[in-house]
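What follows is the residue order along each chain.
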Amino acid sequence: MTVDAVEEPFRTQLTVRLREGDSLLGVALPGPCTFTSGNGVEVLWMGPDEYLVLGPELSRESSDLEAELSRESSVLAVVDVSAQRNGFRLTGAHAADVLAHGCSIDLDPAVSPPGTCVQTLLARTGIVLMVREEGFTILVRQSFSDYFRAWLADASLEYVS
């Protein structure tokens, strides 16, 4: 198989608004359209003072993470949005080709290297797209998950052996 899609549900997702600062939870803040990783979390740039912190699978540690973020002096607000989006991991030799069927972002590694993170449309569905060394993570709104799964299956057909 040259395309593999795996759902990653139930991941901790926290929207964080900042007053100022250069790190969250000891992880350097990413610049526009990028994400950074460390200390068990990923920090995605969502706007000039807005970040999405992706943590581990939902558990008791999720609320600990929210409390820890709330204690940071530069944080204005933390909102748990874990139930808002489902995550999907897309890997394989033709992962970018599958995404090209419904996404206008140029996924050539020279243009969108690993660490790139954008909010865009994929098959007329709003997503957050993360470019990784080994493929892509797509965060799609919960209410569009069934549609996205069906679209992904259809778009992948020509690449499945």
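Sequence order as written defines the numbering, with residues in each chain counted from 1. Reporting of local features is limited, given that this is a predicted model, to residues whose pLDDT is at least 70; pairs of side-chain atoms are given and counted only at 80 or more, and all residues count toward the totals for whole chains, interfaces and linings. Side-chain numbers come from the whole structure's heavy atoms, not from hydrogens or water.

Asks: Explain the sheet that holds strand S2 (residues 11-18) to me, please; I cannot follow it from the model alone.
Replies: Backbone-to-backbone hydrogen bonds join strands into a sheet, with any given pair of strands oriented parallel or antiparallel. Any two strands with at least two DSSP-identified bridges between them are counted as paired. A run of DSSP states H or I qualifies as a helix once it reaches four residues; a run of E qualifies as a strand once it reaches two. Both are numbered from the N-terminal end. With respect to topology, five strands assemble into an open sheet ordered S5-S6-S7-S2-S8, the strand pairing being antiparallel. If you trace the sheet from one side to the other, it starts and ends with strand S5 (35-38) and strand S8 (75-80), each paired once. Strand-to-strand, the axes of this sheet are offset by a mean angle of 25°, without reference to chain direction. For helices, the fitted axis covers only the stretch in contact; all axes are lines through C-alpha atoms, and the angles between them, taken along N-to-C directions, range from 0 to 180 degrees.

Asks: Looking at this structure, how should I read the pairing of strand S7 (residues 50-57)?
Replies: Every regular strand shows the same layout, with side chains that alternate between the two sheet faces. Relative to S7, S2 runs antiparallel, the two sharing six bridges. The residue bridging Gln13 from the neighbouring strand is Leu54, located in S7. Taken together, the five bridges between strand S6 (residues 41-47) and S7 define a ladder with antiparallel strand orientation. Paired with Glu42 across the two strands is Leu54, which belongs to S7.

Asks: Could you clarify how one ought to interpret the pattern of salt bridges in this entry?
Replies: Should their charged atoms come close, side chains of opposite charge can pair. In the sections that follow, a salt bridge refers to a side-chain nitrogen of Lys or Arg positioned within 4 Å of a carboxyl oxygen of Asp or Glu. The tally for this structure, following the rule as stated, stands at eight salt bridges. Asp49 is the salt-bridge partner of Arg17, the closest N and O atoms lying 2.6 Å from each other. One end of the pair, Arg17, is in strand S2; the other, Asp49, is in the loop between S6 and S7, and 32 residues separate them in sequence. Glu42 is the partner of Arg132 in a salt bridge, and the nearest nitrogen-oxygen pair spans 2.7 Å. You can see Arg132 sitting in strand S11 (residues 125-132) and its partner Glu42 sitting in strand S6, a full 90 residues away along the chain. One continuous salt-bridge network, built from bridges that share partners, spans Glu7, Asp146 and Arg149.

Asks: Would you mind showing me how to read the side chain of Thr12 here?
Replies: Within the secondary structure layout, Thr12 lies in strand S2. In terms of polar contacts, Thr12 uses its side chain to reach the backbone carbonyl oxygen of Pro56, at 2.8 Å. Here a polar contact is taken to be a pair of N or O atoms separated by no more than 3.5 Å, where protein atoms must pair a possible hydrogen donor with a possible acceptor and residues adjacent in sequence count only if both atoms sit in side chains.

Asks: When you look at the nonpolar core in this model, what are you seeing that I'm missing?
Replies: One broad trend across soluble globular proteins is that nonpolar side chains are buried collectively. To qualify as a nonpolar core, a set must consist of buried Ala, Val, Leu, Ile, Met, Phe, Trp, Tyr and Cys residues joined through side-chain atoms within 4.5 Å. Only protein chains enter the accessibility calculation, which uses a 1.4 Å probe; a residue whose area is less than 20% of its type maximum is buried, one above 50% is exposed, and one in between is partly exposed. Membership of the largest hydrophobic core comes to 22 residues, with the highest contact counts inside it found for Leu90, Leu99, Leu129, Phe136, Ile138 and Phe148. Every element with two or more residues in this core is listed here: strand S9 (85-91), helix H2 (95-100), strand S10 (117-122), S11, strand S12 (135-141) and helix H3 (145-156). No other element matches the four residues that H3 contributes to this core. Here Leu129 is in contact with Leu99, Cys103, Leu107, Thr116, Cys117, Val118, Phe136, Thr137 and Ile138, once residues within four sequence places are set aside. Counting residues in hydrophobic clusters, the runner-up holds 16 residues, among them Leu24, Val27, Leu69 and Val75. The contact criterion used throughout is that any non-hydrogen atoms of two residues lie within 4.5 Å.

Purely geometric numbers; function is a separate question.
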